[in-house]
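Close look at the chain arrangement
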Protein chains: 2
Amino acid sequence: MSSDDACDCVVIGAGLSGLVAARDLRRAGLRVLVLEASPRIGGRMQRTRLECDAWIDLGGQWVGATQDRMQALLDACAITRFASPHVGRTVLHFDAQRYEFSGFFQGFPEGDAPAIDAAHWQDAMNAWQRFDALAQSLHGEYPHQNAHALKLDACSLAQWIDANTSTPFARWYFEYMSRAVGFLGPAEPHEVSLLHALWGQKSAPQAEHPEAQLMHGGAGQVPALIAAELDEVIRVDEPVVSIRERGDALQITSTRATYRSAHAIIAMPPCNAARIVFDPPLSSARQLLGAQMRMGRCAKVLLSYSTPWWREHGLSGLAMGNRPCIELVADSSDPSMSTGVLAAFVVGDRYARWIALAAPARRDAVLDDLAQYFGASARHPTSYHEVDWPQEPWIGGAFAGFMPPRAWTECGDALRVPHGRVHWAGTEIAPRWAGFFDGAVRTGEDAGRAVIDLHRASSHAKGKLF
Amino acid sequence: MSSDDACDCVVIGAGLSGLVAARDLRRAGLRVLVLEASPRIGGRMQRTRLECDAWIDLGGQWVGATQDRMQALLDACAITRFASPHVGRTVLHFDAQRYEFSGFFQGFPEGDAPAIDAAHWQDAMNAWQRFDALAQSLHGEYPHQNAHALKLDACSLAQWIDANTSTPFARWYFEYMSRAVGFLGPAEPHEVSLLHALWGQKSAPQAEHPEAQLMHGGAGQVPALIAAELDEVIRVDEPVVSIRERGDALQITSTRATYRSAHAIIAMPPCNAARIVFDPPLSSARQLLGAQMRMGRCAKVLLSYSTPWWREHGLSGLAMGNRPCIELVADSSDPSMSTGVLAAFVVGDRYARWIALAAPARRDAVLDDLAQYFGASARHPTSYHEVDWPQEPWIGGAFAGFMPPRAWTECGDALRVPHGRVHWAGTEIAPRWAGFFDGAVRTGEDAGRAVIDLHRASSHAKGKLF
């Protein structure tokens, strides 16, 4: 590509955020190129079709009613939603005891509580109340902007749990929230900053039910729908190696070519963007951010059955507990199909132990846990898919990146500041719904708008000369 | 390169470790290719010549008498050493007070102590004694192999300092040891695992004076001397993007070509190796290691003067203290030249604040501190070089990588385990003198030997067929 082929913006990363940015730039008339390192677009949004014709989401799947940017995108794509299956009893499996209860808890409980020791339950709920109150005391666009941020960021969530719970159940409950539900990226409590976990509850509140809806046909259909507007400008299997500012443009070198562009948008988790060489180099705060943020260690296992047979036993398909492998399972069956689908999650240290097993042992571990939650029928799925997100070369984890202690206060300021002509997008940097689809859409739109404004200002300035 | 051009081993990274490995492979008759991402070889070993003809080391410079692998390499290269300048009084600048004393302290004190409050001094020395005793209690090849490793690895060095010092001087003394002297990679005490810091003192003991010698002509001449044996097989400016195992060989793709090789040696800090895509993917422990290890945030500033004028004032040129910018300065003048050279270090949070300044303000900050240590003459160097190691694209920091809390016990086992046909080298993975030249030579030799053995075993097995 010669400089005559220069474009107005190169978008790096064809996940949801990058595709949204590229689409907006294109619609505004800018010359856009999208470079994606991996052989496929979509990032953490990916679906596959089962033999029975049902779609399953290998990546993210849920959307909440208040996630307005994602809701608008789904409307524009004419993708209809249905309520996540919730009729029936929830299962809790704690310390080898199994409980069924007509309620739900991710954060504050709704409906009935499981029949565990009342003092233990109360300990968990009291601690949650304190946690939520602390979370609500945060304000601003980002958590490190709070006066008491330094203190909250200096300790891990584990240290807070130690100081605020006195029973094994309460302790596990927060561990489960951190690992399986994930405060902006799933982490073991000792890995994650307390401030980060609190910010998760503030900026992506459980009370707004971020997992309330699923999509007919799966969330994984979205990338291709956006890409349909962009097809000839997306190049896959083309990692970017370096971005150099040269005169009034960027020189962007991939494994295949060097491109000239007025601007770039990097739509990748900050820790992955650190793989690119920048000249001039990134600020030291931005480098530190890249070195410190880590992707969640989370695998998703999808099991399908000819029917959602658990409903016959009065179960909703939602289960959680401190089993050796699976801490959270959710019914993900599309009501327009007869197939039953369960989505199960293996997170944190459980992931590390599980992924080290051979494939048959991994499957056995998953089926053992599901049988404990739902009964022996769980042992006979018609399909079984494991998605090992940490091993995905250009992604490195799921659902999202998280901040270890001190990272927010040390480098939070660098999260969104453009690096000259280089702008940032991606769910990790969203001020609201970070770690969710909505955060990806939001930051993609924002980055697109920023570049469009700069492009127009520059065209206008040039126009004046004639 | 077609498969006919296949080689026996591709070495990735042309720093000291990679060059040593490649040299040994070549000498054993193997077909070798060295791929270096940056435009020059040598990694953290680099020198430049001043107008006065003296050489200064922009990277590592010292060697200790007991660093036997590096000593042997220097002998083989016919590089002579001289004692680091040490005649004269040391300067300590603490809390705005300046002290001169005829001694030295990095770890246990030698010679006289500075005239600070005796109780504060004693607090520091007592704490150091406890720290050293704890360090000496470790055994084995790596620290996580100790029974009590988990406990020591779960807390940061900062937490140990809190519990074991009661005076500001003692606290700063450990901070200084962690930042400026560096326990296997310089870090702020809150960033680094206590186990890691202890292991530094055990496996690279201050008592053995690792900074006792300097090299005539500088350490930075070593890479080119080794490369002289390898010239036509080193390719610079060629980052490796992916390593795929295909049949009985590796397919190694750089930004320029794809190579076929029976083996590979990756001679890079583990956190940088994480930029390469592996198929099959790395073990989850190795990935976690790459995500957690961090390079030290350390810049080196070199100042030259027409003479080592500080000696006229009876000063050795060694100074340390809690100044805003420079915590450690050392005389690095070659006695065969008339030029005086000071090497000063800006580390950790001081680095982050300093590098954010404009160039004239950075220089002023350095000169202010040097003038406080040595007097106003320090303000007029004849040359001034800043080396911003964290911003070096393919290196990312200096002197070395360090482990945050829990990383050793979570992923220490993965440090040296080959990934199929991929072997590891680099100072970060050395069981002794990690973070020093010696660790680089040692692991380069080890990796070379492992591949040579495999190559011979395989040639032997093939030979039997005929």
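This is a predicted model, so every value here is computed, not measured.

**Here we look at the side chain of Glu238(B)**
Residue and element names in this part refer to chain B. Relative to the helices and strands, Glu-238 resides in the loop between β11 (234–235) and β12 (240–246). As a buried residue without a salt bridge, Glu-238 has its nearest oppositely charged side chain in Arg-256, at a separation of 4.1 Å. Within the structure, the side chain of Glu-238 is placed 2.6 Å from the side chain of Ser-254, a separation counted as a polar contact.

**Examining the interface of chain B and chain A**
Across the contact, 30 residues belong to chain B and 30 residues belong to chain A. Each partner contributes to the roughly 2,200 Å² buried at the junction of chain B and chain A, and carbon and sulfur atoms together form 53% of this total. When the area that chain B buries against chain A is broken down by residue, the three leading residues are Arg275(B), Arg294(B) and Gln391(B), summing to 23%. Our count for the chain B to chain A interface comes out at 0 salt bridges. At the level of elements, α10 (284–292) and α11 (349–355) of chain B are the ones that each hand at least two residues to the side of chain B that touches chain A. Sort the elements by how many residues they give to the side of chain B that touches chain A and α10(B) lands first, with 5 residues. Counted by class, the side of chain B that touches chain A contains 15 nonpolar, 8 polar and 7 charged residues.

**Points about the sheet that holds strand β20 (residues 340–347) of chain B**
All names here are of chain B. The 7 strands lie next to each other as β7-β6-β18-β19-β20-β17-β21, forming an open sheet whose pairing is mixed. The two strands at the open ends of the sheet, each matched to only one other strand, are β7 (97–101) and β21 (383–388). Here the average twist between neighbouring strands, direction ignored, is 20°. Sheet analysis places strand β18 (residues 315–321) next to strand β19 (residues 328–331), joined by 2 bridges and oriented antiparallel. From the neighbouring strand, Ala-319 faces β19, where its bridge partner is Val-329. Strand contacts of helix α6 (residues 168–181): β6 (89–94), β18, β19 and β20, with the helix running at about 115° to β6, the strand carrying the most contacts. Sitting on the sheet, helix α12 (residues 359–374) touches β6, β7, β17 (298–305), β18, β19, β20 and β21, and the angle it makes with β18 is about 115°.

**Some thoughts on the relation of the copies chain B and chain A**
Each copy superposes on the other: chain B lies on chain A with an RMSD of 0.0 Å after a rotation of 180° and an axial shift of 0.0 Å. A rotation of that kind, with that shift, is consistent with a two-fold axis. Closest approach to the rotation axis within chain B is made by the C-alpha atom of Thr255(B), at a distance of 2.4 Å. When the interface residues of chain B are mapped onto chain A, 100% of them again fall at the interface, so both copies present the same face.

**Notes on the confidence of the model for chain A**
Per-chain confidence: chain A averages 94 in pLDDT, with 98% of residues scoring 70 or above. For this predicted complex, the interface confidence reaches an ipTM of 0.87, while the overall pTM sits at 0.92.

**So, the domain arrangement of chain A**
Residues and elements named next belong to chain A. Domains assigned within chain A are domain 1 (6–46 + 218–282 + 419–461) and domain 2 (80–106 + 211–217 + 297–398). Relative placement of domain 1 and domain 2: their C-alpha centres are 34 Å apart. Roughly 1,000 Å² is buried in total at the junction of domain 1 and domain 2, and carbon and sulfur atoms are behind 59% of that figure. On the domain 1 side of the contact with domain 2, Arg-44, Gly-218 and Arg-275 bury the most area, a combined 39% of that side's loss. Inspection of the domain 1/domain 2 interface yields 1 salt bridge.

**What about the packing of aromatic side chains?**
Following the criterion strictly, the structure yields 52 aromatic pairs over all chains and no others. Aromatic side chains Phe169(A) and Trp172(A) sit 6.0 Å apart centroid to centroid with 45° between the ring planes, which places their arrangement in the tilted category. One end of the pair, Phe169(A), and the other, Trp172(A), are both in helix α6 (residues 168–181), 3 residues apart, so they sit about a helical turn from each other. Trp172(A) shares its class with Phe169(A); the two are buried. Here the aromatic rings of Tyr173(B) and Phe174(B) are separated by 5.9 Å at their centres, their planes lie at 80°, and the arrangement is edge-to-face. Comparing Tyr173(B) with Phe174(B), the two get one shared label, buried. Seen from the ring of Tyr384(A), Arg363(A) lies directly overhead, with NZ or CZ sitting 5.0 Å from the centre.

Calculation rules
- Residues numbered from 1 in each chain as written.
- Chains lettered and ligands numbered in written order.
- Predicted model: local features only at pLDDT ≥ 70, side-chain atom pairs only at ≥ 80, totals over all residues.
- Heavy atoms only, no water.
- Helix = DSSP H or I, 4+ residues; strand = E, 2+ residues; numbered from the N terminus.
- Buried < 20%, exposed > 50% of the residue type's maximum accessible area, 1.4 Å probe, protein only.
- Lys, Arg positive; Asp, Glu negative; His and termini not counted.
- Salt bridge = Lys/Arg side-chain N within 4 Å of Asp/Glu carboxyl O.
- Polar contact = N/O pair within 3.5 Å; in protein donor to acceptor, adjacent residues only side chain to side chain.
- Contact = heavy atoms within 4.5 Å.
- Buried area = accessible area lost by both parts, 1.4 Å probe.
- Nonpolar A, V, L, I, M, F, W, Y, C, P; charged D, E, K, R; others polar.
- Pairing = 2+ DSSP bridges.
- Axes fitted to C-alpha atoms, helices over the stretch in contact; angles between N-to-C directions.
- Least-squares fit on C-alpha atoms with pLDDT ≥ 70 in both.
- pLDDT = per-residue confidence, 0-100.
- Domains from an automatic or database assignment.
- Phe/Tyr/Trp six-rings, centres within 6.5 Å; stacked < 30°, edge-to-face > 60°.
- Lys NZ or Arg CZ within 6 Å of the ring centre and 35° of its normal.

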